[in-house]
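What follows is each chain in one-letter form.
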Amino acid sequence: MNLIRNSIGRDVPASIDGKPLRPYAGAYEDSPALPAGSPRTIGGPRRPAPARGKPDKLVAGWDELLDRLDLKDGSTISFHHHLRDGDAVINEVVARLAARGLRDLTIAPTALFPVHDRLVPFIESGVIAKVEGSMNGAVGAACSRGAMKGTAVLRSHGGRQRAIQDGDLHIDAAFIAAPCADPAGNANGLLGRSACGPLAYPVPDSLAADKVAVITDGLVPYPCAPRSISGGNVDWVLEVESIGDASRIVSGTTRLTRSPTQLLIAELTARFIEETGVMRDGFSFQAGAGGISLAATVFLAERMRARGVKASFAHGGATGVLVGLLEEGLLGSIVDLQSFDLEAVRSCRDDARHIESTPFDSYGPRASGSAASMLDAAILGATEVDLDFNVNVNTHSDGLLLHGIGGHADAAASAACSIITAPSFRKRIPIVRERVTTVSCPGEVVDVVVTERGVAINPRRGDLADRARRAGLPLVSLGDLMTEIRAFTGVPDEPEFGDRVVAVVEWRDGTALDVVRELAGQPRP
Amino acid sequence: MTKRKSDCEVAYAAGGGELRVRVDSSVGVLFGRAIERTAREAAAEFGVGSGELRVDDDGALDYAVAARVEAALRAAGFARVGPARAAGNAPAAPRRPIPWRSRLYLPGDQPDLFPNAGLFGADCLILDLEDSVMPSRKAEARILARRVLEAHRGFFGRSALVVRVNPLAGPFGRDDVAELGACLPDAILLPKCESPADVEALASELDSLESTARGGGRALIMALVETARGVVAAPSIAAASDRVCAVCFGAEDFSRDVGARRTAGGAEASLARQSVVLAAKAAGVQAHDSVYSDSDDDAGFAAYCEAARAMGFDGVGLVHPRQIAIAHRAFDPGPAELEEARRIVAALEEAASRGLGVASIEGKMIDAPVAERARRVVARASGEAR
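So, how was this worked out
- Residues numbered from 1 in each chain as written.
- Chains lettered and ligands numbered in written order.
- Predicted model: local features only at pLDDT ≥ 70, side-chain atom pairs only at ≥ 80, totals over all residues.
- Helix = DSSP H or I, 4+ residues; strand = E, 2+ residues; numbered from the N terminus.
- Rg over C-alpha atoms; globule rule 2.2 N^0.38 Å.
- Buried ≥ 20, exposed ≤ 12 C-beta atoms within 10 Å, placed from the backbone.
- Domains from an automatic or database assignment.
- Contact = placed C-beta atoms within 7 Å.
- Nonpolar A, V, L, I, M, F, W, Y, C, P; charged D, E, K, R; others polar.
- Pairing = 2+ DSSP bridges.
- Right-handed = clockwise from strand over helix to strand, strands pointing away.
- Axes fitted to C-alpha atoms, helices over the stretch in contact; angles between N-to-C directions.
- Parallel < 35°, antiparallel > 145°, perpendicular 65-115°, else oblique.
- Left-handed = near helix turned anticlockwise from the far one by under 90°.

1. Some points on the overall build of chain A
At step 1: Helix and strand counts for chain A stand at 15 helices and 29 strands.
At step 2: A compact globule built from 525 residues should have a C-alpha radius of gyration of about 24 Å, and chain A, at 23 Å, falls within 12% of that.
At step 3: With the C-alpha coordinates aligned to their principal axes, the bounding extent of chain A is approximately 70 × 55 × 50 Å.
At step 4: Scored against the burial criterion, the 525 residues of chain A give a buried share of 59%.

Okay, structure coming up:
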């Protein structure tokens, strides 16, 4: 394989599966300008205008739907992950296509969950040749073992939207599971017994896929309102008994973590945001639903209350904690891509200040400004950080590919201050490394790393370091932190990799940031 | 075998031939060789060169691997060949001064709690070998405590380090103390104290351990009274040894012992609490209140600390680090008290500079105990500010 060294010193292939690949050259270098006359965005009705009369999109069952979609060996099919670990649609579609004898499919999900571990046999048997987008859990592990025929592509939520917009990711058929839809294909995620909140991730798919199918267990008469997916972009509608297990769709927890270390990191994060002056009237932030992020949100709110400060908006995944702050008046609004619990679903449905977003509006690398670029602070996680502030969220230190990127890279690259929160070691594994196993996010866009043993600030952000020093925050260098941790964890051995590249990590602009290699000594499938 | 997070389980089987070490670890790719090395080193300490060690690991640190191997070998009847390591790794920072406002309990058999224990800022940390350790795990826990004291004193930062041993009269207490002989902590918390003899027994045990130990430290004793007899004997317990630095009250066991029903207001134990404060103060040592076990109820805990402070307690027991800040707020002097103490200290210094034996403020003479307390308040406030 022909390798090129990119600007952060990682060797990446010049092409994958015959398609040329540009090496990463810098977070904001971006790709060449689009040719003159290119549309600003794609999508909208491309289908021939129907003759007079009401379109008849309802199909009788799965077989009719799959007949009409007319998929071939090697087709690319896409899915969203709003139903999280409750999703029944991805497994159903792949099993049915396998039964029809299809092979070499590319699946392009926005994320996968443990329920999708059942895809592994289809990867091993060659029904699925590769995954583009996000891989998690057993599917990622199978990819690490070299079980996948093609080379996977890992993209952030924004990167995926861009790839669709630029035509890098061509979707033959999008399968959009919808908690509520009408026979014309208008759909939302707010109503119905499988309500999941926004139906945001599949919007780019609905604009660009050759064929779009809405699968619903909440069919309502026209018009389905509100409307996240426009019926004008939908070809077929299938009513099914159930699109998923409602109890696992909203599986987030809003209970404050009890882990003393997580609480310590969260408190230090909130203190950093207040004492460096990021927290001021009208500021905005993004924090996920993980233990540290949620606790940091709670502690930040305490400081906002004490200082009489209000935030203009919070962005990203919505939780009951954020909804509480909205209702208390500490937040002007929530810009929501994904609801993590029932409180967030209810709020998104009932409160006009709780705004449903799309990947383009939230993270679009080609957008002229997105919600993420309006952010003053983004609180993000990591499985590893290295001395150049590069962050790994994809692989574990033993080399196994186990997580997707999500909105991590987009929020880090766009927010005015990106903050990585992580314990400095997990079990025995140091989080601070000389060199991360996989670069998911380049150090150029990572400003601050908060651990239980102090705050490390990227030398590029001397302004933040000055303010933090004046505030008396406990500052550490990543090098000193690594030495301190290794004194009791020991220095880990390096995992052994084979030569084969099993996945490429794409930066938001489509350039190759890093690769994931096959683990050595794996039995061939 | 069930796995415990950041811990490992070790089994030893006797057999011929070279010692085999089989490691099955969730971090095996990264630390499999390090785990085997540690296991072999620990085996060598016990002269074990044959048989098989099986290590089932979920990310235990070195000292925990060594402790579990040692426990398995001792259970199999092996004895140490050569001396144990003396305590190394003395903490870099000075210990928090007495009085201790917070004493945070850490279950003694959970090695994942130790590496970050010093980060939370508790005045003192209690490594608990008593109530939080099941009888079947007592030996494992005391070996783990010794190994962490030997190798990683730095984990506990500036917090004073205390080990709660089992009662000396029972089956485990004397072994607990003996195990820690070469690496004694800052203090031993002695539970179920009912008479001065309980304290004297521990003190004479410590006398003999310290006479042979290489370090020059002197371990203190915190006496925990948690029965009717203990509360009644508190004055003589507090005065039983000059090692006693605190008398602590245990409300849960006390209520059970006297057949009281626990109430929110705590009226059933108010006389006992006051007795503990009186006994401690009469002997010139700290009075420490019982734990408040609902760690989710911040407001309730704050009120509890206020009441303890008002009664004369110096500090309180904690079950979760999130309680530390609340306890310190309650037991720290308020702004008015600090201001008053500063004025007293200033007056004392002024009098001393003029060669006067007595100082006065607004015509009132400053008594010795008042002067002493003011000095402590000011010293702690300036220590915290550093």
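Moving on, there is more to tell.
2. Some points on the domain arrangement of chain B
Residue and element names in this part refer to chain B.
At step 1: Examined at the domain level, chain B breaks down into domain 1 (8-75), domain 2 (102-331) and domain 3 (335-385).
At step 2: Each partner contributes to the interface: domain 1 provides eight residues, whereas domain 2 provides ten residues.
At step 3: In the side of domain 1 that touches domain 2, the residues fall into seven nonpolar, no polar and one charged.

3. Concerning the interface of chain B and chain A
Frequently, the measure chosen for interface size is the accessible area that the parts lose on association.
At step 1: Of the residues lining the interface, 20 residues belong to chain B; the matching set on chain A comes to 17 residues.
At step 2: Considering each element in turn, the side of chain B that touches chain A owes the most residues, five residues, to helix α1 (residues 28-45) of chain B.
At step 3: Among the residues making up the side of chain B that touches chain A, the classes are represented as eleven nonpolar, five polar and four charged.

4. Some details on the pairing of strand β5 (residues 124-128) of chain B
Residue and element names in this part refer to chain B.
At step 1: Burial analysis of β5 places five of its five residues in the buried class, which makes it a mostly covered element.
At step 2: Of the two faces of β5, the one holding C124, I126 and D128 and the one holding L125 and L127 are both buried throughout.
At step 3: Two elements, strand β4 (residues 102-107) and β5, share five bridges in a ladder whose sense is parallel. Each bridged residue has a counterpart across the sheet, and for L106 the counterpart in β5 is L127.
At step 4: Two elements, β5 and strand β6 (residues 160-164), share five bridges in a ladder whose sense is parallel. Bridged to D128 within β6 is R164.
At step 5: In the classification by handedness, the crossover that spans β5, the intervening helix α3 (residues 138-151) and the parallel β6 is right-handed.

5. Thoughts on unusual backbone geometry
At step 1: Omega for the bond connecting Y222 of chain A with P223 of chain A falls within 30 degrees of zero, at 0°, which places this linkage in the cis form.
At step 2: Across the junction of A225 of chain A and P226 of chain A, the peptide omega takes the value -5°, indicating a cis bond.
At step 3: Structurally, the position occupied by P226 of chain A is in the loop between β13 (211-216) and β14 (236-239).
At step 4: Phi is positive for F389 of chain A, which is not a glycine, with a value near 70°.
At step 5: The phi dihedral of S6 of chain B falls on the positive side, at around 55°, and the residue is not glycine.
At step 6: Judged by C-beta crowding, with 23 C-beta atoms within 10 Å, S6 of chain B ranks as buried.

6. A short note on the sheet that holds strand β15 (residues 284-287) of chain A
Residues and elements named next belong to chain A.
At step 1: Spatially, eight strands are ordered β18-β17-β16-β15-β19-β22-β26-β27 in an open sheet, and the strand pairing comes out mixed. With partners counted over all chains shown, the strands left at the sheet margins are β18 (354-356) and β27 (454-457), one partner each. The sheet shows a mean angle of 20° between the axes of neighbouring strands, taken without regard to direction.
At step 2: Where strand β22 (residues 418-421) lies against strand β26 (residues 448-451), three bridges are found, and the strand directions are parallel. Considered in β26, the bridge of I420 is made with V449.
At step 3: Contacting β16 (311-318), β17 (331-339) and β18, helix α11 (residues 342-350) runs over the sheet at an angle of about 115° to β17.

7. Observations concerning the sheet that holds strand β3 (residues 50-57) of chain B
Strands pair in a sheet through their backbones, by hydrogen bonds, and they do so in one of two ways: parallel or antiparallel.
All names here are of chain B.
At step 1: Spatially, three strands are ordered β1-β3-β2 in an open sheet, and the strand pairing comes out mixed. The sheet is open, and its two edges are formed by β1 (8-18) and β2 (20-25), each paired on a single side. On average, adjacent strands in this sheet sit at an angle of 15° to one another, irrespective of strand direction.
At step 2: Sheet topology places β2 next to β3; six bridges connect them, and they run parallel. Across the sheet, residue D24 finds its bridge partner in β3, namely D56.
At step 3: Helix-sheet contacts for α1 involve β2 and β3, and the interaxial angle to β2 is about 145°.
At step 4: Helix α2 (residues 62-75) contacts β1 and β3 of the sheet and is inclined by roughly 55° relative to β1.

8. A look at the packing of helix α8 (residues 260-275) of chain A against helix α9 (residues 291-307) of chain A
Residue and element names in this part refer to chain A.
At step 1: In the contact formed by α8 and α9, the axes pass within 8 Å of each other and the chain directions differ by 45°. Looking at the two axes, α8 sits oblique to α9. As α8 packs across α9, the resulting crossing turns out to be right-handed. Facing α8, whose interface residues are Q262, L263, I265, A266, E267, T269, A270, I273 and E274, α9 presents G291, I292, A295, A296, F299, L300 and R303.

9. Focus: the environment of I326 of chain B
Residue and element names in this part refer to chain B.
At step 1: Tracing the backbone shows I326 in helix α11 (residues 324-331).
At step 2: Residue classification places I326 among the buried residues on the basis of 20 C-beta atoms within 10 Å.
At step 3: Taking C-alpha positions, I326 is 9.6 Å from S102, a pair spaced 224 residues apart along the chain.
At step 4: Not counting residues within four places of it along the chain, the set of residues in contact with I326 comprises D298, F301, A302 and C305.

10. A look at the domain arrangement of chain A
All names here are of chain A.
At step 1: Under the domain assignment, chain A is made up of domain 1 (59-249 + 498-519) and domain 2 (260-492).
At step 2: Using C-alpha coordinates to define each centre, domain 1 is positioned 28 Å away from domain 2.
At step 3: Across the contact, 38 residues belong to domain 1 and 37 residues belong to domain 2.
At step 4: Counting residues per element, the ones that place at least two in the side of domain 1 that touches domain 2 are α4 (137-144), α5 (157-166), α6 (203-208), β28 (497-506) and β29 (512-519).
At step 5: Of all the elements, α5 adds the most residues to the side of domain 1 that touches domain 2, at seven residues.
At step 6: For the side of domain 1 that touches domain 2, a count of residues per class yields 18 nonpolar, 14 polar and six charged.

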